Amino acid sequence: MNILHLMSELDKEINRRRTFAIISHPDAGKTTLTEKLLLFGGAIHVAGAVKSNKIKKTATSDWMEIEKQRGISVATSVMGFEYENYKINILDTPGHKDFAEDTYRTLTAVDSVIIVVDSAKGVEEQTRRLMEVCRMRKTPVMVFMNKMDRDGKDPFDLLDEIEEELKIQVCPLSWPIDSGQNFKGVYNIYDEKLDLYTPSKQTITQSVEFKDINSPELENHIGEKLAAKLREDIELVDGVYPQLDHDAYLRGEVAPVFFGSALNNFGVKELLDCFVKIAPCPRPVQAVERVVKPQEETFSGFIFKIHANMDPNHRSCIAFVKICSGKFERNVYYKHVRLERNIRFSSPTAFMAQKKETVDEAYPGDIIGLPDTGNFKIGDTLTSGEDLHFKGLPSFSPEMFKYIENDDPMKSKQLQKGIDQLMDEGVAQLFVNQFNNRKIIGTVGQLQFEVIQYRLLHEYGAQCRWEPINLFKACWIESDNKDQLNDFKKRKAQFMAKDKEGRDVFLADSNYVLMMAQQDFKDLKFHFTSEF
Ligand code: G4P
């Protein structure tokens with residue numbers, strides 16, 4: 001096969017890929033929307049399959065035992081499916097805020113995002129935080145305004161709320177006709193048609209082409225009063241919101257908005273049809289060394305997630321790789337850049353809806369799972385040989401801290417191994433206090449401590465105990481002024497720690513102490529993420 005042919009094949013595969021995440025505040029309807037999207041892709045065949053037996057969340061996407069017990073989506077997984085010649089990869093994210101860090105990392109592996117907002121509740125806390133990460137990375141976002149079958153807020157107010165709270169311009173591409181019990185459907189601005197609503201979990205929307213909203217035909221469908229209101233609304237929409245600027249969307253400056261009801265499968269296909277057309281295919285990725293384009297012939301990818309124990313019978317990990325460039329092939333040697341070693345993979349898996357299967361090849365945008373026995377850490381790079389390091393997988397300063405102590409002296413090795421592996425997986429962060437050598441675990445939420453304790457016991461046979469520590473923030477410090485840095489480290493010896501990469505971390509026990517330190521040591525930089 002000549003190179004030109006190979007290149008065009010690669011281009012074709014890249015152009016048809018859409019890799020994205022759905023994010024929302026818990027209960028806004030992320031699982032329901034995911035399920036409906038999978039239905040359109042033929043990836044599942046019955047509504048309800050994704051979370052059928054209602055230990056809620058034994059969703060397709062959730063693998064971990066602990067999740068069944070707690071009913072919280074702990075795992076982040078991948079669901080791939082084909083839709084009208086597009087290859088779609090949905091990366092699921094845990095809704096619970098205690099796993100926010102997991103979600104942040106997943107957002108480094110997507111090319112765009114769909115945000116689900118509950119139209120009765122408007123923008124909620126978790127959505128705000130996740131949007132900050134999208135903004136930081138300039139990720140293109142679309143909004144699905146869900147639950148229009150319930151009495152919700154006024155659509156103009158909702159859009160104002162999005163603009164203010166999520167700090168992004170909006171561009172409505174559909175417009176609701178009434179809401180709650182009187183919900184009649186939407187006018188699809190993007191496709192110029194009227195989508196009429198009949199409450200049902202399975203129906204496909206009845207659509208009427210409607211290029212001219214002033215046509216008297218409108219009254220026949222929705223009655224005089226609503227027709228007048230819709231015309232008025234659309235006039236206002238035209239006046240207030242600019243036309244969709246595709247480039248501005250791709251730059252993450254404008255969010256197209258669709259209204260609908262995921263539960264009733266209304267407005268979902270319209271969202272998907274527009275999404276595949278306008279959402280970006282895999283884009284160039286910044287590595288420390290250079291920008292890596294997906295169309296490059298040589299393979300590269302990075303690990304954004306490590307998942308242990310998906311198969312309860314074997315204690316193995318799966319490292320999730322996002323492919324950035326070239327074509328990945330089974331049984332070909334690739335360079336593990338950190339270990340400076342060539343490794344080949346005989347059973348890489350792809351994730352197609354509810355099942356995983358071995359794949360022979362994969363393309364940029366795809367996520368593959370590599371069975372792993374401890375070779376990988378979050379952020380590791382695989383390449384065809386070049387030394388590349390992808391940026392943008394920072395650790396964030398944790399919000400809760402505890403000392404971790406061994407509760408079974410016979411199992412200290414197991415505990416050590418368990419802690420190391422869980423930290424490599426990115427479950428939480430480990431800091432070792434340089435003064436007393438005690439280990440401190442930092443997390444985003446209380447639940448992670450429980451997950452760690454549970455997993456240490458069930459996967460490693462190790463028992464741990466938590467002891468309180470009074471800490472406000474951990475921050476990474478650096479300075480060009482070596483004398484000042486050393487002076488600081490000496491004076492704050494009791495509060496100095498190393499992270500797992502051996503970097504200096506200052507453990508401030510209060511906001512006041514941190515402020516004073518920043519004031520007194522002007523040449524020191526205090527960072528709240530590990531990437532600076
Ligand atoms: P999440 O993944 O974002 O946490 O939300 P999920 O899809 O689980 O949806 C949360 C609840 O909202 C579910 O109800 C779901 O049925 C409901 N829901 C989702 N979309 C719509 C919609 O368009 N309209 C209405 N009225 N409800 C919607 P639940 O009572 O928690 O579960 P279930 O027993 O109904 O499945």
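Refer to the structure above for everything that follows.
Below or above, wherever it landed, is the structure these notes cover.

**Some remarks on the site of the ligand**
Thinking step 1. Around the ligand, the structure places 20 residues, and the nearest of them are Asp27, Thr31, Thr32, Asp149 and Ser261.
Thinking step 2. Aspartate 149 is positioned with one of its side-chain polar atoms (N or O) 2.8 Å from a nitrogen atom of the ligand.
Thinking step 3. Relative to its unbound accessible surface of 700 Å², the ligand loses 76% to contact with the protein.
Thinking step 4. Of all the elements, helix H2 (residues 30-40) adds the most residues to the shell around the ligand, at 3 residues.
Thinking step 5. When the residues that make up the shell around the ligand are grouped by side-chain class, the tally is 4 nonpolar, 7 polar and 9 charged.

**Digging into the pattern of salt bridges**
Thinking step 1. Within this structure, the stated rule accounts for 38 salt bridges.
Thinking step 2. One salt bridge connects glutamate 35 with lysine 36, and the closest N-O pair in it is separated by 3.9 Å. Pair check on accessibility: glutamate 35 and lysine 36 agree, each one buried.
Thinking step 3. For the salt bridge of arginine 251 with glutamate 253, the shortest nitrogen-to-oxygen distance reads 3.1 Å.
Thinking step 4. Taken together, the salt bridges that share partners define one network made up of Glu13, Arg16, Arg17, Glu82, Lys87 and Asp366.

**A word on the nonpolar core**
Thinking step 1. Leu107, Val113, Ile115, Leu194 and Leu230 are the most contacted members of the largest nonpolar core, which totals 65 residues.
Thinking step 2. Here the element with the most residues in this core is helix H7 (residues 217-240); it accounts for 7 residues.
Thinking step 3. Each of two domains, domain 1 (18-278) and domain 2 (285-383), supplies a minimum of three residues to this core.
Thinking step 4. Leucine 194 has contacts with Ile177, Val186, Tyr187, Gln206, Ser207, Val208, Phe210, Leu218, His221 and Leu230, leaving out every residue within four places of it along the chain.

**Concerning the sheet that holds strand E7 (residues 174-177)**
Thinking step 1. One open sheet holds the 4 strands; their spatial order is E7-E8-E9-E10, and the pairing between them is antiparallel. In this open sheet, the two edge strands, each paired with only one partner strand, are E7 and strand E10 (206-209). Mean inter-strand twist for the sheet, computed between neighbouring axes without regard to direction, equals 20°.
Thinking step 2. Looking at chain direction, E7 and strand E8 (residues 185-188) are connected through 4 bridges and run antiparallel. What sits directly across from isoleucine 177, in E8, is glycine 185.

**Some details on the packing of aromatic side chains**
Two descriptors summarise a pair of aromatic rings, namely the distance from one centre to the other and the angle between the planes of the rings.
Thinking step 1. Enumeration over the complete set of coordinates arrives at 20 aromatic pairs.
Thinking step 2. Relative to phenylalanine 266, the ring of phenylalanine 183 has its centre 5.5 Å away and its plane inclined at 90°; by these criteria the two rings are edge-to-face. Here phenylalanine 183, found in the loop between E7 and E8, pairs with phenylalanine 266, found in the loop between strand E11 (254-259) and helix H9 (268-278); they are 83 residues apart in sequence, far enough to count as distant.
Thinking step 3. Aromatic side chains phenylalanine 506 and phenylalanine 526 sit 6.3 Å apart centroid to centroid with 65° between the ring planes, which places their arrangement in the edge-to-face category. With phenylalanine 506 in strand E30 (residues 504-508) and phenylalanine 526 in strand E31 (residues 525-527), this pair connects stretches of sequence that are 20 residues apart.
Thinking step 4. Residue phenylalanine 506 is classed as buried on the basis of its relative accessible area, which comes to 0%.
Thinking step 5. Exposure remark for phenylalanine 526: the relative accessible area of 11% places this residue in the buried category.
Thinking step 6. Aromatic ring contacts, followed pair by pair, group Phe299, Phe328, Tyr334, Phe345 and Phe376 into a single cluster.
Thinking step 7. Geometry around phenylalanine 449 places lysine 402 over its ring, the cationic atom sitting 4.6 Å from the centre.

**Side note on the packing of helix H4 (residues 100-107) against helix H5 (residues 125-137)**
Thinking step 1. One can describe the packing of H4 onto H5 by two numbers: an axis separation of 10 Å at closest approach and a directional angle of 30°. In this structure, H4 meets H5 at a crossing whose hand is right-handed. Touching Ala100, Thr103, Tyr104 and Leu107 of H4 are Gln126, Arg129, Leu130, Val133, Cys134 and Arg137, all from H5.
Thinking step 2. For the contact of H4 with H5, the per-class residue count stands at 6 nonpolar, 2 polar and 2 charged.

**Describing unusual backbone geometry**
Thinking step 1. Phi angles above zero are rare outside glycine, and aspartate 178 is one such case at about 60°.
Thinking step 2. Summarising the element assignment, aspartate 178 is placed in the loop between E7 and E8.
Thinking step 3. One non-glycine residue, asparagine 331, lies in the positive phi region at around 65°.
Thinking step 4. Here asparagine 331 shows up in the loop between strand E16 (328-329) and strand E17 (333-336).
Thinking step 5. The class of asparagine 331 is partly exposed, set by a relative accessible area of 35%.

**Digging into H7**
Thinking step 1. Helix length check: H7, at 24 residues, gives a terminal C-alpha distance of 26 Å against a target of 34 Å (1.5 Å per residue), a shortfall beyond 12%.
Thinking step 2. The complete set of buried residues in H7 reads Leu218, Ile222, Leu226, Ala227, Leu230, Arg231, Asp233, Ile234 and Val237.
Thinking step 3. Buried positions along H7 lie against helix H6 (155-165), strand E6 (169-172), E7, E8 and strand E9 (193-196).

Rules behind the numbers
- Residues numbered from 1 in each chain as written.
- Predicted model: local features only at pLDDT ≥ 70, side-chain atom pairs only at ≥ 80, totals over all residues.
- Heavy atoms only, no water.
- Near = heavy atom within 4 Å.
- Polar contact = N/O pair within 3.5 Å; in protein donor to acceptor, adjacent residues only side chain to side chain.
- Areas by Shrake-Rupley, 256 points an atom, 1.4 Å probe, with all protein chains shown as cover.
- Helix = DSSP H or I, 4+ residues; strand = E, 2+ residues; numbered from the N terminus.
- Nonpolar A, V, L, I, M, F, W, Y, C, P; charged D, E, K, R; others polar.
- Salt bridge = Lys/Arg side-chain N within 4 Å of Asp/Glu carboxyl O.
- Buried < 20%, exposed > 50% of the residue type's maximum accessible area, 1.4 Å probe, protein only.
- Core = buried A, V, L, I, M, F, W, Y, C linked by side-chain atoms within 4.5 Å.
- Domains from an automatic or database assignment.
- Contact = heavy atoms within 4.5 Å.
- Pairing = 2+ DSSP bridges.
- Axes fitted to C-alpha atoms, helices over the stretch in contact; angles between N-to-C directions.
- Phe/Tyr/Trp six-rings, centres within 6.5 Å; stacked < 30°, edge-to-face > 60°.
- Lys NZ or Arg CZ within 6 Å of the ring centre and 35° of its normal.
- Left-handed = near helix turned anticlockwise from the far one by under 90°.
- Expected span 1.5 Å × (residues − 1).

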